[in-house]
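So the chains spell out like this:
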Amino acid sequence: MKEFAVLTVIGRDKTGVIARITNFLFEQRANIEALEEQVTRGQFSMTLQASWTSGLSDKAGLQAGLANLAEALGMEIKLRWTDPRRRQRMAIMVTGEPHCAEALLQAVRSGRIKAEAAVMLSNRRDLQPLARQWQIPFAFIPWNDRAVAEKRALRLLEQHEIDFVTLARFMKILSPDFVWRYKNKILNIHPSLLPSFPGPQAYRQAYEYGVKIIGVTSHFVSMRLDEGPIIAQASTAVPANATLKQIVAAGQKLESAVLVKAVRLYLTKRLDVYWGVVKEV
């Protein structure tokens, strides 16, 4: 039997960070299972999975040593113990539209999504009754000050031991500071066939351009708006003389189906992001 933990490191890039952390883990008798790091505009981020033979980990020593390393490096270092055999815990972030959140919750209940819907976060209270109906915790976070809101959201995600985040028509832009902490673990649904029509008014743009096909895209959230690696897409023909309302209704059906599909693909662990492109492995 093994014990597993996930380590996240965030801070300004500097020489020797990976070596110092991996050497410390080696001294703590850890085996490194996976490591992914990135530097973007001078900001360093790393996610590392480590394991120990059951009973050999010194949890107090690990936490103390990592705290010392964080202070010495001037970085944020967090360790969370995990059990790869348990179902992953999903946070659903919403604003006001219920269709995607409802589809996710129905898929969880039916077993099509083999994850636990652990918490719903929102910048509005509109969908609090939906969370109550499905008996999951609901957290209202005002988004007037993004930095303050994101810090509160990150604390809640940590408290609920969240493994990945699904943006079910969450209508706020997440900062790089937030995204770095869940790299390739934040799934979004966008109402267009990206890269066409990014931003919040995709259906209106499609209607005004008179497109003959509309579609939706599920993608991992990256530092740049609606440009993250694409996971799944779907499209449908636009009937002649369709109104904007009809286009939106057709698109919302696609949104729900494609977001559920993307989460299911993510949970199969068959996805890999290579140079910004999602590949099934």
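Scroll up a little and you will see the structure.
Definitions and limits used
- Residues numbered from 1 in each chain as written.
- Predicted model: local features only at pLDDT ≥ 70, side-chain atom pairs only at ≥ 80, totals over all residues.
- Heavy atoms only, no water.
- Phe/Tyr/Trp six-rings, centres within 6.5 Å; stacked < 30°, edge-to-face > 60°.
- Lys NZ or Arg CZ within 6 Å of the ring centre and 35° of its normal.
- Salt bridge = Lys/Arg side-chain N within 4 Å of Asp/Glu carboxyl O.
- Helix = DSSP H or I, 4+ residues; strand = E, 2+ residues; numbered from the N terminus.
- Core = buried A, V, L, I, M, F, W, Y, C linked by side-chain atoms within 4.5 Å.
- Buried < 20%, exposed > 50% of the residue type's maximum accessible area, 1.4 Å probe, protein only.
- Contact = heavy atoms within 4.5 Å.
- 1 Å grid on protein atoms, 1.4 Å probe; cavity = no way out; pocket = protein on both sides within 12 Å on 5 of 7 lines; lining within 4 Å.
- Points joined across faces, edges and corners; volume = space filled by probe spheres on them.
- Nonpolar A, V, L, I, M, F, W, Y, C, P; charged D, E, K, R; others polar.

Undergrad: Talk me through the packing of aromatic side chains; I want residue IDs and the actual numbers.
TA: According to the stated counting rule, one finds 5 aromatic pairs in the structure shown. In textbook terms, an aromatic cluster arises when at least three aromatic residues are bridged by ring pairs, as seen for F164, F220 and Y266. Taking the ring centre of W81 as reference, the NZ or CZ of K59 above it sits at 4.3 Å.

Undergrad: Explain the pattern of salt bridges residue by residue, including any values.
TA: Taken as a whole and judged by the stated rule, the model has 12 salt bridges. A salt bridge links K78 to E158; its shortest N-O distance comes to 2.9 Å. Here the residue K78 occupies a position in strand β4 (residues 76-82), and E158 occupies one in helix α5 (residues 146-159), the gap between them amounting to 80 residues. A salt bridge links R181 to D177; the shortest N-O distance between them is 2.9 Å. One network of salt bridges, in which partners are shared, links E76, D177 and R181.

Undergrad: Describe the nonpolar core, with residues and values.
TA: Grouped together as the largest cluster of nonpolar side chains are 37 residues, with contacts concentrated most on I92, I113 and M120. Take this core: its biggest share by element is 9 residues, from helix α8 (residues 244-267). Those residues in contact with I92, other than ones at most four positions away along the chain, are A101, L104, L105, A117, V119, M120, L121, T166 and A168. By size, the runner-up hydrophobic cluster in this structure holds 23 residues, among which are A91, A149, A153 and L157.

Undergrad: Hey, could you go over empty space enclosed by the protein for me, with residue numbers and the actual values?
TA: Taken as a whole and assessed by the stated rule, the structure comprises 1 cavity of 30 Å³ or more. Roughly 40 Å³ of volume is contained in the largest cavity. Lining the largest cavity, in full, are E36, E37, Q38, S45, M46, T47, W180 and K183. Contributions of two or more residues to the lining of the largest cavity are made by β2 (31-40) and β3 (43-53). Looking at the lining of the largest cavity residue by residue, the class counts come to 2 nonpolar, 3 polar and 3 charged.

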